[in-house]
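# Chain and residue survey
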Amino acid sequence: MGTGLWRTDDGGDIWTQINSNLLSLNYDSAKITDIEIDRFNDDHVYISCAGTIPNSKVYESTNAGAVWTNISFNLPNVPVFCLLRDPSGGLYAGTSIGVYYKRAGIDYWEPFYNELPPVPVTQIVFEEEESIFVHCSTFGRGLWRTLKYSSDCAEHLNLTGNPVGRTYFEVSNNINSNQNIQGPGTHIILSAGNKITLTEGMNVKEKAVFKAYVQPCGGEVDLSVQTSTDESKSRPELIQKKD
């Protein structure tokens, strides 16, 4: 209703507003899209927000909403529609362009593309908490399933072909690529622990985005999305990060 966030402790007879410090955290009360509750502690809650206010995406409270913390961190400036907390304390966020994941205790989000098209994600669920799969529904592209988040990554990767869409490749050692990265809407991120080699034939077409990082597995990457003001050019970036 655009009047804030409320909590009841007696089944709905009495409601208490719990958005006091949210107003100082760049929060838009009219655009709350989901509320996720820790199944092991119902005082531990998260909310997500739609809209395109920068850094106003996901908030967390550990005391039933008395105090909130902004955990939007590096999420792109797109609407967030749904959340799912896993038993390890990690958090999935479904956005208008796909899914991102934040590990417990880490102050950044990671891509969780896994070949999902860049479409609005409306719900994320586990079939069973013990299952190895996570499921999501999308607006316009049906239902999808993939393996749950894992911090493990391959050692080496050789990339070829003509990728499209949003893809994240991560290895602990070396990546070799001669991909012909296609145009508008294609956003490729590489992350390798030792070295990234771009071999003959590697090409980034106009209006595509390509970013490469040398850093340990699970490192932070730039998740910002291309806007209408920079669609006229490709954006290759090679970034060396310390261990």
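Further up the page is the structure itself.
A brief report on the enclosed structure follows. (Residues numbered from 1 in each chain as written. Predicted model: local features only at pLDDT ≥ 70, side-chain atom pairs only at ≥ 80, totals over all residues. Heavy atoms only, no water.)

### Looking at the overall build of the protein
Per the secondary structure count, the protein includes zero helices and 21 strands. On C-alpha atoms alone, the protein measures out to a radius of gyration of 19 Å, which is about the 18 Å that the 2.2 N^0.38 rule sets for 243 residues. With the principal axes as the frame, the protein shows a C-alpha extent of 70 × 40 × 40 Å. Scored against the burial criterion, the 243 residues of the protein give a buried share of 47%. Relative to all contacts within the protein whose residues are 6 or more apart in sequence, the contacts with residues 24 or more apart total 37%. Of the roughly 12300 Å² that the protein leaves accessible, carbon and sulfur atoms contribute 50%. (Helix = DSSP H or I, 4+ residues; strand = E, 2+ residues; numbered from the N terminus. Rg over C-alpha atoms; globule rule 2.2 N^0.38 Å. Buried < 20%, exposed > 50% of the residue type's maximum accessible area, 1.4 Å probe, protein only. Contact = heavy atoms within 4.5 Å. Areas by Shrake-Rupley, 256 points an atom, 1.4 Å probe, with all protein chains shown as cover.)

### Regarding the sheet that holds strand β12 (residues 133–138)
Across the sheet, which stays open at both edges, the three strands sit in the order β11-β12-β13 with antiparallel pairing between neighbours. The sheet is open, and its two borders are formed by β11 (121–126) and β13 (143–147), each paired with just one other strand. This sheet shows a mean twist of 25° between the axes of neighbouring strands, independent of strand direction. Summarising the sheet, β12 and β13 pair through five bridges and their orientation is antiparallel. Among the inter-strand pairings, Cys136 is bridged to a residue of β13, identified as Trp144. (Pairing = 2+ DSSP bridges. Axes fitted to C-alpha atoms, helices over the stretch in contact; angles between N-to-C directions.)

### Some points on the side chain of Arg85
Mapped onto the elements, Arg85 comes out in strand β7 (residues 80–85). The class of Arg85 is buried, set by a relative accessible area of 15%. Within the local environment of Arg85, its side chain forms a polar contact with the side chain of Tyr46, the two groups lying 3.2 Å apart. With residues up to four places along the chain from it excluded, the contact list for Arg85 reads Glu36, Asp38, Phe40, His44, Tyr46, Gly90, Leu91 and Phe126. (Polar contact = N/O pair within 3.5 Å; in protein donor to acceptor, adjacent residues only side chain to side chain.)

### Description of the packing of aromatic side chains
Considering all chains together, one arrives at six aromatic pairs under this definition. When the centroid spacing of 5.9 Å and the interplanar angle of 75° are considered together, the rings of Tyr100 and Tyr113 count as edge-to-face. Linking Tyr100 in strand β9 (residues 98–102) with Tyr113 in the loop between β10 (110–111) and β11, this pair joins segments that are 13 residues apart in sequence. Classification of Tyr100 by relative accessible area gives buried; the value is 0%. On the accessibility criterion, Tyr113 (4% relative accessible area) is buried. Ring geometry for Tyr101 versus Phe112: centroids 6.5 Å apart, planes at 40°, classification tilted. Linking Tyr101 in strand β9 with Phe112 in the loop between β10 and β11, this pair joins segments that are 11 residues apart in sequence. As far as burial versus exposure is concerned, Tyr101 and Phe112 are alike and both buried. (Phe/Tyr/Trp six-rings, centres within 6.5 Å; stacked < 30°, edge-to-face > 60°.)

### Regarding the state of the cysteines
Evaluated as defined, the whole model comprises one disulfide. Each sulfur of the disulfide joining Cys153 and Cys217 lies 1.8 Å from the other. On the sign convention where negative is left-handed, the bridge of Cys153 and Cys217, at about 70° about the S-S bond, is right-handed. Here Cys217 lies in the loop between β20 (209–214) and β21 (235–240) and Cys153 lies in the loop between β13 and β14 (154–159), a separation of 64 residues in the sequence. In this structure Cys217 comes out as partly exposed when scored by relative accessible area, which is 26%. The closest cysteine sulfur to the non-disulfide-bonded Cys49 is located on Cys82, 13 Å from its own sulfur. Judged by relative accessible area, which is 0%, Cys49 ranks as buried. The thiol of Cys82 is unpaired, and the distance to the nearest cysteine sulfur, on Cys136, comes to 7.7 Å. (Disulfide = S-S within 2.5 Å.)

### A few points about the nonpolar core
In terms of nonpolar packing, the biggest core is built from 18 residues, with Val58, Leu83, Leu91, Tyr100 and Trp109 touching the most fellow members. Of all the secondary structure elements, the ones that give two or more residues to this core are β7 and β8 (91–95). Leu91 has contacts with Tyr46, Val58, Ile71, Leu83, Leu84, Arg85, Tyr100, Tyr101, Lys102 and Trp109, leaving out every residue within four places of it along the chain. With 14 residues, the next largest nonpolar core counts Val171, Ile188, Ala192 and Val204 among its residues. (Core = buried A, V, L, I, M, F, W, Y, C linked by side-chain atoms within 4.5 Å.)

### Concerning the pattern of salt bridges
Counted under the stated rule, the structure contains four salt bridges. We note a salt bridge from Asp38 to Arg85, for which the minimum N-O separation is 3.2 Å. Of this pair, Asp38 sits in the loop between β3 (32–37) and β4 (45–49) while Arg85 sits in strand β7; the two residues are 47 residues apart in sequence, bridging distant segments of the chain. (Salt bridge = Lys/Arg side-chain N within 4 Å of Asp/Glu carboxyl O.)

Limitation: the analysis is restricted to geometry and does not speak to function.
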